[in-house]
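Inside the fold
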Amino acid sequence: YITVGRYQAHLRRICRVYRSRRDTMLAALERCMPPGTAYQTPQGGLFIWLRLPAGLSAIELAPLAGEEGVAFAPGPLFSPGGHAQSYLRLNFVMHPPEVIEDGILRLGRAVERLLARREQKEKEEKEEYDAASAVRRQAVVV
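What comes next is a walk through the structure. For clarity, every value in this text was computed on a predicted model and none was experimentally measured.

**Here we look at the sheet that holds strand 3 (residues 73-74)**
The strand order across the open sheet formed by four strands is 1-2-4-3, and the pairing between neighbours is antiparallel. This sheet does not close on itself; its edge strands, each paired only once, are strand 1 (38-39) and strand 3. Alignment of strand 2 (residues 47-51) against strand 4 (residues 87-91), held across five bridges, turns out to be antiparallel. Paired with Ile 48 across the bridge in strand 4 is Leu 90. Sitting on the sheet, helix 1 (residues 6-32) touches strand 1, strand 2 and strand 4, and the angle it makes with strand 2 is about 15°.

What follows is the structure, given as structure tokens:
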């Protein structure tokens, strides 16, 4: 393959294909991810690292993403000590552009669901705190 001169042509072609898929994923991320999500255009490699909005965990997102039919590699798998809780590693070379776009749309829905869960939990915690504070105030007044 290399000695007959096909390797260089293959390399040029596959670089074009992967660049197109990368750009498709970046455009889909721009459209489908909620505010607070961050990522950079990779200058090489086969992955995009995505940072979730503050307070969200990739490990908590994984089952919701699975329910949407999409998978990713959680950042803590690639970090000593399990750091990078809010990071995902997304592979853009495995699928054609239409699958990438659908996958990112589904991932965006899963992130929105996780955000909604967090907001609901914070609301419930605030209501519990307010109720406990009211009881403490009554105890002091009596």
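Moving on from the model shown.
**Structural notes on the pairing of strand 4**
Here strand 4 shows one buried face, formed by Leu 88 and Leu 90, and one open face, formed by Tyr 87, Arg 89 and Asn 91. Bridge count between strand 3 and strand 4: two bridges; the pairing is antiparallel. When the sheet's bridge partners are listed, Ala 73 is paired in strand 4 with Arg 89.

**Some points on a nonpolar patch on the surface**
Together, Tyr 1, Ile 2, Tyr 7 and Leu 11 line one region of the surface with nonpolar side chains, adding up to about 420 Å² of accessible area. On the accessibility criterion, Leu 11 (31% relative accessible area) is partly exposed.

**Some words on helix 2 (residues 58-67)**
Of all the positions in helix 2, only Ala 58, Leu 61, Leu 64 and Ala 65 are classed as buried. For helix 2, the angular spread of buried residues about the axis comes to 115°, placing them on one side. Of the residues flanking the start of helix 2, the one acting as N-cap is Ser 57, its side-chain oxygen 3.1 Å from the backbone nitrogen of Ile 59. One or two residues past the end of helix 2 sits Gly 69, with phi positive at roughly 85°.

**Section: a negative patch on the surface**
Judged by side-chain charge, Glu 124, Glu 125, Glu 127 and Glu 128 come together as a negatively charged surface patch. Structurally, Glu 128 is set in helix 3 (residues 97-141).

**Overview of the nonpolar core**
Residues Leu 61, Leu 88, Leu 90, Ile 104 and Leu 107 are the most contacted members of the largest nonpolar core, which totals 27 residues. Broken down by element, this core gets its largest block of residues, seven residues, from helix 3. Residues within four places of Leu 107 in sequence aside, it is in contact with Met 33, Leu 61, Ala 65, Val 70, Phe 72, Leu 88 and Leu 90.

Conventions we followed
- Residues numbered from 1 in each chain as written.
- Predicted model: local features only at pLDDT ≥ 70, side-chain atom pairs only at ≥ 80, totals over all residues.
- Heavy atoms only, no water.
- Pairing = 2+ DSSP bridges.
- Helix = DSSP H or I, 4+ residues; strand = E, 2+ residues; numbered from the N terminus.
- Contact = heavy atoms within 4.5 Å.
- Axes fitted to C-alpha atoms, helices over the stretch in contact; angles between N-to-C directions.
- Buried < 20%, exposed > 50% of the residue type's maximum accessible area, 1.4 Å probe, protein only.
- Patch = residues over 30% accessible without salt bridge, like charges linked within 9 Å, V, L, I, M, F, W, Y side chains within 5 Å.
- Areas by Shrake-Rupley, 256 points an atom, 1.4 Å probe, with all protein chains shown as cover.
- Salt bridge = Lys/Arg side-chain N within 4 Å of Asp/Glu carboxyl O.
- Arc of directions from axis to C-beta.
- Polar contact = N/O pair within 3.5 Å; in protein donor to acceptor, adjacent residues only side chain to side chain.
- Lys, Arg positive; Asp, Glu negative; His and termini not counted.
- Charge placed at Lys NZ, Arg CZ, Asp CG, Glu CD.
- Core = buried A, V, L, I, M, F, W, Y, C linked by side-chain atoms within 4.5 Å.

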